[in-house]
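What follows is the residue order along each chain.
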Amino acid sequence: MRFGIFDHIDANGMAIGEQYAQRLRLVEIYEKFGFYCYHLTEHHATDLGMASSPSVFLAAASQHTTTIKLGTLVYLLPLHHPVRLLEEIGMLDQLTGGRFQLGIGRGGQPAEHSRFGLAEEDLGPMFEEALGILLEGLEGDLKGREGTYYDLPDVPLRIRPVQKPHPPLWYGTASSHRNQWAAEHDVNLLCLVPNARSREVFDDYREKLAKLGKLEPCIGLARQLIVADTDAEAERIAERAWKPFVESFNWLVEHLGRPAFPIAQTFAGAVEMGLAFAGSPASVRDFVARARDEAGANYLALEV
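Residues numbered from 1 in each chain as written. Predicted model: local features only at pLDDT ≥ 70, side-chain atom pairs only at ≥ 80, totals over all residues. Heavy atoms only, no water.

Caption draft 1: Structural view of the pairing of strand β2 (residues 37-40). Both faces of β2 are covered, namely the face carrying Cys37 and His39 and the face carrying Tyr38 and Leu40. Pairing analysis gives 3 bridges linking strand β1 (residues 2-7) to β2, with the strands arranged parallel. Residue pairing in the sheet places aspartate 7 in a bridge with leucine 40 of β2. Bridge count between β2 and strand β3 (residues 69-72): 4 bridges; the pairing is parallel. (Buried < 20%, exposed > 50% of the residue type's maximum accessible area, 1.4 Å probe, protein only. Helix = DSSP H or I, 4+ residues; strand = E, 2+ residues; numbered from the N terminus. Pairing = 2+ DSSP bridges.)

Caption draft 2: Focus on the pairing of β3. Following the backbone out of β2, through helix α2 (residues 54-62) and into the adjacent parallel β3, one traces a crossover that is right-handed. Sheet topology note: the β3/strand β5 (residues 100-105) ladder contains 2 bridges and is parallel. The partner of glycine 71 across the bridge, within β5, is glutamine 101. (Right-handed = clockwise from strand over helix to strand, strands pointing away.)

Caption draft 3: Focus on empty space enclosed by the protein. The tally for this structure, following the rule as stated, stands at 1 cavity of 30 Å³ or more. Among the elements that make up the lining of the largest cavity, the one with the highest residue count is helix α3 (residues 82-95) (3 residues). A breakdown of the residues in the lining of the largest cavity according to their chemical character gives 5 nonpolar, 2 polar and 2 charged. (1 Å grid on protein atoms, 1.4 Å probe; cavity = no way out; pocket = protein on both sides within 12 Å on 5 of 7 lines; lining within 4 Å. Points joined across faces, edges and corners; volume = space filled by probe spheres on them. Nonpolar A, V, L, I, M, F, W, Y, C, P; charged D, E, K, R; others polar.)

Caption draft 4: Up close: the pattern of salt bridges. Here the structure, examined in full by the defined rule, presents 12 salt bridges. Where lysine 208 meets aspartate 204, a salt bridge forms, and the shortest distance between an N and an O atom there is 2.9 Å. Pair noted here: lysine 208 and aspartate 204 are both in helix α7 (residues 195-211), with a separation of 4 residues, about one helical turn. (Salt bridge = Lys/Arg side-chain N within 4 Å of Asp/Glu carboxyl O.)

Caption draft 5: Representation of unusual backbone geometry. Residue valine 74 follows leucine 73 across a cis peptide bond; omega there is 15°. Mapped onto the fold, valine 74 is located in the loop between β3 and β4 (75-76). In this structure, proline 165 follows lysine 164 across a cis peptide bond, with omega equal to 0°. For proline 165, the position within the fold is in the loop between β7 (151-152) and β8 (169-173). In this structure, isoleucine 9 is a non-glycine residue whose phi angle is positive, near 50°.

Caption draft 6: Examining the packing of helix α1 (residues 16-32) against α2 more closely. Two numbers describe how α1 lies on α2: the axes approach to 10 Å, and their chain directions differ by 50°. By the angle class used here, α1 and α2 are oblique. Like other packed secondary-structure pairs, α1 and α2 cross with a definite hand, here right-handed. Residues Tyr20, Arg23, Leu24 and Val27 of α1 form the contact with α2, whose participating residues are Phe57, Ala60 and Ala61. Among the residues making up the contact of α1 with α2, the classes are represented as 6 nonpolar, no polar and 1 charged. (Axes fitted to C-alpha atoms, helices over the stretch in contact; angles between N-to-C directions. Parallel < 35°, antiparallel > 145°, perpendicular 65-115°, else oblique. Left-handed = near helix turned anticlockwise from the far one by under 90°. Contact = heavy atoms within 4.5 Å.)

Caption draft 7: Spotlight on the nonpolar core. Judged by nonpolar contacts, the single largest core of 61 residues is most densely connected at Tyr38, Leu77, Leu102 and Ile104. Looking at this core element by element, the count peaks at 8 residues for helix α5 (residues 120-139). Isoleucine 104 has contacts with Val74, Tyr75, Leu77, Phe127, Leu131, Leu134, Trp170, Tyr171 and Trp181, leaving out every residue within four places of it along the chain. In terms of nonpolar packing, the next biggest core, distinct from the first, is built from 18 residues, Phe245, Val246, Val253 and Ile263 among them. (Core = buried A, V, L, I, M, F, W, Y, C linked by side-chain atoms within 4.5 Å.)

Caption draft 8: Here's a closer look at the environment of proline 156. Position of proline 156 among the secondary structure elements: in the loop between β7 and β8. On the accessibility criterion, proline 156 (54% relative accessible area) is exposed.

Caption draft 9: Quick look at the packing of aromatic side chains. Under the defined criterion, the tally for this structure stands at 13 aromatic pairs. Ring centres of tryptophan 242 and phenylalanine 267 lie 5.7 Å apart, and the angle between their planes is 75°; on these two criteria the pair is classed as edge-to-face. Here phenylalanine 267 lies in helix α10 (residues 267-272) and tryptophan 242 lies in helix α8 (residues 231-249), a separation of 25 residues in the sequence. Judged by relative accessible area, which is 7%, tryptophan 242 ranks as buried. A residue is classified by how much of its surface remains accessible, and phenylalanine 267, at 4% relative accessible area, is buried. (Phe/Tyr/Trp six-rings, centres within 6.5 Å; stacked < 30°, edge-to-face > 60°.)

The values reported here are purely geometric and, on their own, carry no functional implication.
See below:
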């Protein structure tokens, strides 16, 4: 089983420059301890994500590391012009020496998209159109097109990735609705839902991969884990840390006067949902083993 890091870089009271420097030191430590990949999410106009340009931060991380893979989880495609994004992907794969991992998605917080003047009903169609352009551009130059959201001439892409045919794709999901597409494109999946629901997604995905004769990519879970010398100490740390995380998670919707997102209000609530755990090394080892067996995961991304 492989382990990675899934980072938000949410506000923690530090000066932003100091927080970036701290995080870069942490990425160096993650590499030292053998984590497979550092995944960075994308958020805007909110305390939940203080690294609103994953490309910029990952470019910096590429100069502090040599072996750990670095990726987005995810680029919010409706917020990126696909031609510009293709050029950034090429740059990042070159800067990392072929370590870049390409996570893509629509985004789960429409309040953030609204800061760019986008209507919620446009997000799905924009994602689909941008994804088509992105996949074409990863394979070669773009042909001209007239789309609903993007009108393009022929575009020769001059900055190509190191990895062939392109950097590995990642997709965060809570259902099986894109599993056929994912199997056809060898996509690594990450589920942020409880083990039983993840198992349904993963079993369906493995079935589709098998029908296509495909090798199994990373099929994983995102979980928050706190480890300390004793269970009681870990639980105290977790409860203290969970409160500001929830505040960051709902900062923008509260600022806009919108309904809060359905996130557990306490760490104990997240544990009850099976999405988090705090304990001693032995207890955490048992939690990881249960998650692996119950969900059928071969990858675990630790949320920070």
